Amino acid sequence: MNYENLIAGTRNRILYLTINRESKLNALNKATLEELHQAVSGAAEDPGTGGIIITGSGQKAFVAGADISEFSSFSPEQGRQLAEEGHSRVFDLIQNCPKPVIAAINGFALGGGLELALACHIRVAAEHAKLGLPEVTLGLIPGYGGTQRLAQLVGRGKALEMILTADMISGAEAHAFGLVNHVVPGDELMTKAEEIMTRILSRSPMAVASAIRALNAGYEAGVNGYEAEIREFGNCFGTADFSEGVSAFLEKRKPDFLRK
Ligand code: COA
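Residues numbered from 1 in each chain as written. Predicted model: local features only at pLDDT ≥ 70, side-chain atom pairs only at ≥ 80, totals over all residues. Heavy atoms only, no water.

**Examining the site of the ligand**
Put simply, the test is: Being near a molecule or strand, for a residue, comes down to having at least one heavy atom within 4 Å of it. Any pair of N or O atoms that falls within 3.5 Å is considered a polar contact. Within protein, one atom must be able to donate a hydrogen and the other to accept it, and sequence-neighbouring residues count only if both atoms are side-chain atoms. Here the open area of atoms and residues is found with the Shrake-Rupley method and a 1.4 Å probe, where only the protein chains shown may cover a residue. Each residue is assigned to one class: nonpolar for Ala, Val, Leu, Ile, Met, Phe, Trp, Tyr, Cys and Pro, charged for Asp, Glu, Lys and Arg, and polar for all the others, Gly among them.
Lys24, Lys60, Ala64, Ala66 and Ile68 are the nearest of the 15 residues found near the ligand. Between the ligand and serine 23, the relevant distance is 3.4 Å, taken from an oxygen atom to a main-chain nitrogen or oxygen of the residue. In the model, a nitrogen atom of the ligand is placed 2.9 Å from a nitrogen or oxygen of the isoleucine 68 main chain. Protein coverage of the free-state accessible area of the ligand, which is 860 Å², stands at 60%. Along the lines of polarity and charge, the residues of the shell around the ligand split into 9 nonpolar, 2 polar and 4 charged.

**Here's the deal with the sheet that holds strand E5 (residues 101–105)**
Strand pairing in a sheet takes place through backbone hydrogen bonds and is either antiparallel or parallel in direction. Note the threshold: The rule for pairing is simple: two strands pair if DSSP sees at least two bridges between them. Helix and strand assignments follow DSSP, with helices taken as H or I runs no shorter than four residues and strands as E runs no shorter than two, numbered in order from the N terminus. As a rule, the C-alpha atoms of each element are fitted with a line to give its axis, helices using only the stretch in contact, and angles between N-to-C directions run from 0 to 180 degrees.
Overall, mixed pairing links the 6 strands, which are arranged E1-E2-E3-E5-E7-E10 in an open sheet. What marks the edges here is a single partner per strand, and that holds for strand E1 (6–11) and strand E10 (182–184). Across the sheet, the mean angle separating the axes of adjacent strands is 20° when strand polarity is ignored. By the bridge criterion, 3 bridges tie strand E7 (residues 122–126) to E10 in an arrangement that is parallel. If you follow alanine 125 over to E10, its bridge partner there is valine 183.

**Some words on the environment of tyrosine 144**
Applicable threshold: Any pair of residues with heavy atoms lying within 4.5 Å of one another is described as a contacting pair.
In this fold, tyrosine 144 is placed in the loop between strand E8 (130–132) and helix H5 (146–154). When the C-alpha positions of tyrosine 144 and histidine 87 are compared, they lie 5.7 Å apart, and in sequence the two are 57 residues distant. Contact partners of tyrosine 144, with chain neighbours within four places excluded, come to Leu33, Ala66, Leu82, Ala83, Gly86, His87, Phe91, Gly112, Glu115 and Arg149.

If you want it as structure tokens, here you go:
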């Protein structure tokens, strides 16, 4: 599929999505969000895709936020709609993707850009990355899940400090706060993301999807995560991946979850 604002390519079952608006520091305009929706929902259905790595084009930015020029004259209703559509069509879609999604943060991850990384399952940052939620400098608050997902990762106190001061933090600080899983020199970013993805892709895709569902359930209002885990655990039994995983262990061989 050809996109205007994304570069998409699959190698070794990994779909690489590069947000490609370098002259605007990869800011997320409506068209880019729509393309992300298409690419992620397509990948979820595509048997040839095992996982997704999202990054930004160029050395400077992962994504410098939602495209400010697009919403400068929005009414409250248009603002609410922008956030609602963003949540359901992109950010929740990524969080609930049955295949692992890794953000490779190669520079500025601000506002909607940090929220995009927060929606991914795993984050790897380059040392030179700058991360923050600067919305209050614009008279706004984060609207793509940032107030919720940031607090889940770094705790309420640090999340409030980042959101209220609008200050950016470095890749190393983000790592110290648990906001990113790994921080590496810029030239090792993709290798690190690929290394993690490759390990996940050697595991049972059925169990990986099930684990994502069980874990996410705990963050859904009105859903009991423990009950979701029990249900998901039970459902694993009787699957082909379970037979293969257990047989491989007993036969002292590596499981082949992609067998025909
Ligand atoms: N929306 C729209 N355009 C953006 C953007 C955004 N979120 N972030 C950067 N851009 C554009 C700039 O307008 C500029 O475009 P131009 O060359 O046509 O004028 C281009 O990207 C380069 O940005 P610039 O500000 O010149 O780069 P810089 O190195 O001086 O500063 C930042 C980098 C990231 C500090 C700065 O661009 C910035 O603060 N961006 C906005 C961050 C933000 O508030 N995000 C949250 C949005 S809700």
